[in-house]
Amino acid sequence: MGSLPEKRGGLVGFAAQQQLISEIPMIIKGMQRQTVLFQQMTKNQMALSSHQLDAINKQNHLTERLLHKVDELSKDTKVTNLLLSELIAIHRTVISDDTDSQRDFILRDAQRRVAKGK
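An account of the accompanying structure is given in this report.

Parameters and conventions
- Residues numbered from 1 in each chain as written.
- Predicted model: local features only at pLDDT ≥ 70, side-chain atom pairs only at ≥ 80, totals over all residues.
- Heavy atoms only, no water.
- Helix = DSSP H or I, 4+ residues; strand = E, 2+ residues; numbered from the N terminus.
- Buried < 20%, exposed > 50% of the residue type's maximum accessible area, 1.4 Å probe, protein only.
- Areas by Shrake-Rupley, 256 points an atom, 1.4 Å probe, with all protein chains shown as cover.
- 1 Å grid on protein atoms, 1.4 Å probe; cavity = no way out; pocket = protein on both sides within 12 Å on 5 of 7 lines; lining within 4 Å.
- Points joined across faces, edges and corners; volume = space filled by probe spheres on them.
- Nonpolar A, V, L, I, M, F, W, Y, C, P; charged D, E, K, R; others polar.
- Expected span 1.5 Å × (residues − 1).
- Arc of directions from axis to C-beta.

## Quick word on the overall build of the protein
Across its full length, the protein carries 2 helices and 0 strands. The buried share of the protein, reckoned over its 118 residues, is 6%. A total of about 10600 Å² of accessible surface is found on the protein, and carbon and sulfur atoms cover 60% of it.

## Points about the layout of surface pockets
Estimated volume of the largest pocket: approximately 180 Å³. Around the largest pocket, the lining is made up of 10 residues, and of these Leu-83, Leu-87, Ile-90, Arg-103 and Ile-106 lie nearest the centre. Taken together, the residues of the lining of the largest pocket sort by class into 6 nonpolar, 2 polar and 2 charged.

## Thoughts on the environment of Gly-117
In this fold, Gly-117 is placed in the segment after α2 (99-116). Look at Gly-117 and you get exposed, because its relative accessible area is 55%. Spatially, the C-alpha atoms of Gly-117 and Lys-78 are 9.7 Å apart, while their sequence positions differ by 39 residues.

## Points about α2
In a regular helix each residue adds 1.5 Å, so 18 residues correspond to 26 Å; α2 covers 25 Å between its end C-alpha atoms and thus fits that length. If you check which residues of α2 are buried, you get Ile-106, Asp-109, Ala-110 and Val-114. Each buried residue of α2 lies within a common arc of 130° when the element is viewed along its axis, so the set occupies one face. Of the exposed residues in α2, the ones pointing more than 90 degrees away from its buried face are Phe-105, Arg-108, Ala-115 and Lys-116. At the exit of α2 stands Gly-117, carrying a positive phi of roughly 90°.

Right, here's the structure in full:
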């Protein structure tokens with residue numbers, strides 16, 4: 001039978017039974033140590049997973065902020081480009097009117113067009 005010592009007729013002797021009984025506490029202690037190690041490993045893995053999740057969440061938040069800033073920069077760049085094109089057009093013509101009011105109108109118009117997505 002398996003690892004149990006056998007005597008004639010399949011019966012285990014008294015000494016062999018005593019040997020097995022004396023090993024049970026060591027087996028139980030070994031199983032307890034393995035259980036403790038497994039619990040510690042599981043705890044460490046959960047902590048690691050939690051830290052990874054926190055890092056991912058921070059990275060997502062930073063990415064969202066970066067995208068928002070890029071969107072703002074894109075809008076500002078469009079306004080600047082529109083203003084530059086209007087400035088070039090103004091320089092190509094001779095203006096005898098007050099340029100401050102025309103500049104303000106052009107700026108508002110460029111901002112409005114960018115806000116509408118043109």
